[in-house]
Amino acid sequence: MTKYGSFPGARPRRLRTTPAMRRMVAQTRLHPADLILPAFVREGISAPVEIGAMPGVVQHTRDSLKKAAVEAMEAGVSGIMLFGVPEEEKKDAAGTVGTDPDGILQVALRDVRAEVGDDLIVMSDLCLDEFTDHGHCGVLDAQGRVDNDATLERYAEMAQVQADAGAHVVGPSGMMDGQIGVIRDALDQVGHEDVSILAYTVKYSSAFFGPFREAVGSSLKGDRKTYQQDPANSRESLRELALDLEEGADMVMVKPAGPYLDILARVSDAVDVPVAAYQISGEYSMIEAAAQRGWIDRDQAIMESLTGIKRAGANMILTYWATEVARKL
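Calculation criteria
- The numbering scheme is per chain: residues are counted from 1 as the chain's sequence reads.
- Confidence filtering applies because this is a predicted model: local features only for residues at pLDDT of at least 70, side-chain atom pairs given and counted only at 80 or more, and all residues used for totals across whole chains, interfaces and linings.
- Heavy atoms from the whole structure form the basis of all side-chain values; hydrogens and water molecules are not counted.
- For the exposure calls, accessible area comes from a 1.4 Å probe over protein chains only, and a residue counts as buried if that area is under 20% of its type's maximum, exposed if over 50%, partly exposed in between.
- Helical segments are the DSSP runs of H or I of at least four residues, strand segments are the runs of E of at least two, and each set is numbered from the N terminus.
- Lining residues are those with an atom within 4 Å of a point, where the points come from a 1 Å grid over the protein atoms alone and group into cavities, where a 1.4 Å probe fits but cannot get out, or pockets, open sets with protein on both sides within 12 Å along at least five of seven lines.
- Grid points are joined across faces, edges and corners, and a volume is the space filled by probe spheres set on the points.
- Any residue that is not Ala, Val, Leu, Ile, Met, Phe, Trp, Tyr, Cys, Pro, Asp, Glu, Lys or Arg is counted as polar, Gly included; the first ten are nonpolar and the last four charged.
- One requirement defines pairing of two strands: DSSP has to find at least two bridges between them.
- The axes are straight lines fitted to the C-alpha atoms, using for helices just the contacting stretch, and the angles between their N-to-C directions are given from 0 to 180°.
- Under this scheme an angle from 65 to 115 degrees is roughly perpendicular, one under 35 degrees roughly parallel, and one over 145 degrees roughly antiparallel; angles in between are oblique.
- For this analysis, residues touch if any pair of their heavy atoms sits within 4.5 Å.
- The length a helix should cover is 1.5 Å for every residue beyond the first.
- Comment: arc refers to directions from the helix axis out to C-beta atoms.
- One speaks of a salt bridge when a side-chain nitrogen belonging to Lys or Arg is within 4 Å of a carboxyl oxygen belonging to Asp or Glu.
- Throughout this description, the term nonpolar core refers to a set of buried Ala, Val, Leu, Ile, Met, Phe, Trp, Tyr and Cys residues connected via side-chain atoms within 4.5 Å.
- In plain terms, two cysteine sulfur atoms within 2.5 Å form what is called a disulfide here.
- What goes into a patch is any residue over 30% in relative accessible area without a salt bridge, connected to like charges within 9 Å or, for nonpolar side chains (Val, Leu, Ile, Met, Phe, Trp, Tyr), within 5 Å.
- Only the protein chains shown count as covering a residue, and every accessible area follows the Shrake-Rupley method with a 1.4 Å probe.
- Geometry of aromatic contacts follows a simple scheme: Phe, Tyr and Trp rings, the Trp one being its six-membered ring, pair when their centres are within 6.5 Å, and the pair is stacked under 30 degrees between planes, edge-to-face over 60, tilted otherwise.
- When the NZ atom of lysine or the CZ atom of arginine is within 6 Å of a ring's centre and also within 35 degrees of its normal, the charge is said to sit over that ring.

Turning our attention to helix H5 (residues 179-189). Within the span of H5, buried status applies to Gln 179, Ile 180, Gly 181, Ile 183, Arg 184, Ala 186 and Leu 187. One or two positions beyond H5, positive phi appears at Gly 191, with a value near 80 degrees.

Structure representation (structure tokens):
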């Protein structure tokens, strides 16, 4: 090719020449403090149970959960989000074990808080789906539909017992209208003004939740399309966001993360509170499965997926790779 003067004068490749150069000019950086570890604790087991659909992830015993929390803390992870898996016979239509002070989730919260104190942010999933015999995120009415306002009463009680058990942060994930305001009032009424609410503001009815159902031993039959958001829609996410902030959300979340980076970016641009994104079970399992077959480079795919989520605007990322990635960082 004939060269004309200094053509081309602009050569972006100059800033990609070496690993040191690329590191110096990187516009997005992951840090261990960006990461939160979701963890499952199961009642009535004597050793951790592998989750078949999520290679490398387990249902913890109380003891192994405490160990996992300490490992996350030592790696520099900021938080751990706990999900309880009760014995099947303890499930009922109202999810009673979810508000029992001696239920598995509350016991686990006390265990972990005693182990890590304030050095790791202890978060609690606030939802009934793990505890109901029908698997829905709320109580049902006579027609078998999720009763929004009756469910809010259960969420208020759940928030109080989780805070009593030591949760620094509660994460209402059921997508009931008005849940943030009701939970804020419930916490404040019993002296838990310092407990934060991480609002699951944007939670789509997603096929990518599939492996999670095994992880929590879900009893769900049917779907959650009447309360989780439609994947075809985007504007309603901003409406949900405005409502959650008005009701007192301290932080907001987009879930899933990878398939909804456009939504994550819109939410991040719209708010001045911390924004979280949850890299959910299906996102995790796809990378693990493809890597096991030799189709992709596992470590590069993990880091690329997390960098994309951070680049889109997430201040915090819930990921099952949290401890592993934090150690590498």
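Back to the write-up after that little detour.
Right, let's talk about empty space enclosed by the protein for a bit. Applying the stated rule across the entire model yields one cavity of 30 Å³ or more. If you add up the space inside the largest cavity, you get close to 90 Å³. Contributing to the lining of the largest cavity are Phe 83, Asp 125, Asp 129, Ser 173, Lys 203, Phe 209, Phe 212, Arg 213, Arg 224, Gln 228 and Lys 255. Looking at the lining of the largest cavity residue by residue, the classes come out as three nonpolar, two polar and six charged.

Attention now moves to the pairing of strand S1 (residues 35-42). Counting buried positions over the eight residues of S1 gives seven, a clear majority of the element. With seven bridges joining them, S1 and strand S4 (residues 79-85) adopt parallel strand pairing. Each bridged residue has a counterpart across the sheet, and for Pro 38 the counterpart in S4 is Met 81. With two bridges connecting them, S1 and strand S3 (residues 58-60) associate as parallel partners. Within the sheet, the bridge partner assigned to Val 41 lies in S3 and is His 60.

Moving on, we get to the packing of helix H3 (residues 104-116) against helix H4 (residues 148-165). With their axes 8 Å apart at the nearest point, H3 and H4 run at an angle of 30 degrees to one another. Here H3 lies roughly parallel to H4, going by the angle between them. When H3 is examined against H4, the residues Leu 105, Gln 106, Leu 109 and Arg 110 are found in contact with a partner set consisting of Val 161, Gln 162 and Ala 165. Of the residues contributing to the contact of H3 with H4, the split by class is four nonpolar, two polar and one charged.

A word on helix H7 (residues 235-247). An α-helical segment advances 3.6 residues per turn. Residues three or four places apart therefore align on the same side. The terminal C-alpha atoms of H7, which comprises 13 residues, lie 19 Å apart, in line with the 18 Å expected from a rise of 1.5 Å per residue. Turning to H7, its buried residues number three or more, namely Ser 237, Leu 241 and Asp 244. For H7, the buried positions fall inside an angular range of 70 degrees around the axis, keeping them on one side. Among the exposed residues of H7, those pointing more than 90 degrees away from its buried face are Arg 235, Arg 239 and Glu 246. Considering only its buried residues, H7 is in contact with H5, strand S7 (196-203), strand S8 (251-255) and helix H8 (261-270). Downstream of H7 by a residue or two, Gly 248 has a phi angle that is positive, lying close to 115 degrees.

Next up on the list: the pattern of salt bridges. Applying the stated criterion to the full structure yields 17 salt bridges. Of the charged contacts in the structure, one is a salt bridge between Lys 90 and Glu 43, with a shortest N-O distance of 2.5 Å. One end of the pair, Lys 90, is in the loop between S4 and H3; the other, Glu 43, is in the loop between S1 and strand S2 (49-50), and 47 residues separate them in sequence. Several salt bridges share partner residues, and in doing so they unite Glu 288, Arg 298, Asp 299, Glu 324 and Lys 328 into one network.

A word on the nonpolar core. Counting 97 residues, the largest nonpolar core has Phe 40, Ile 80, Leu 82, Tyr 155 and Tyr 278 as its most contacted members. Filtering out sequence-adjacent residues up to four positions away, Tyr 155 remains in contact with Leu 126, Cys 127, Leu 128, Cys 137, Gly 174, Met 176, Gln 179 and Ile 183.

The next thing to look at is the state of the cysteines. One pass over the structure, following the stated rule, counts zero disulfides. In this model Cys 127 remains outside any disulfide bridge; the closest cysteine sulfur is found in Cys 137, 3.4 Å from its own. Since its relative accessible area comes to 0%, Cys 137 is described here as buried.

On the surface, Leu 15, Met 24 and Val 25 cluster together into a nonpolar patch covering about 280 Å² of accessible area. Among the secondary structure elements, Leu 15 is positioned in the segment before helix H1 (19-25).

So, about the packing of aromatic side chains. All chains considered together, the criterion is met by six aromatic pairs. Geometrically, the ring pair formed by Phe 40 and Phe 83 is tilted, given 5.5 Å between the ring centres and 40 degrees between the ring planes. With Phe 40 in strand S1 and Phe 83 in strand S4, this residue pair connects regions lying 43 residues apart in the sequence. In terms of burial, Phe 40 and Phe 83 fall into one category: buried. Summarising the aromatic geometry, the rings of Tyr 204 and Tyr 260 are spaced 4.1 Å apart at their centres and angled 5 degrees between planes, so their arrangement reads as stacked. Of the two residues, Tyr 204 is situated in the loop between S7 and helix H6 (210-215) and Tyr 260 in the loop between S8 and H8; the sequence distance between them amounts to 56 residues. Judged on exposure class, the residue Tyr 204 and its partner Tyr 260 are both buried. Within the aromatic cluster, the residues linked to one another by ring pairs are Phe 40, Phe 83, Tyr 278, Tyr 284, Tyr 320 and Trp 321. Lying over the aromatic face of Phe 209, Lys 203 brings its terminal NZ or CZ to 5.7 Å of the ring centre.

Remember that the coordinates give geometry; whether it matters functionally is a separate question.
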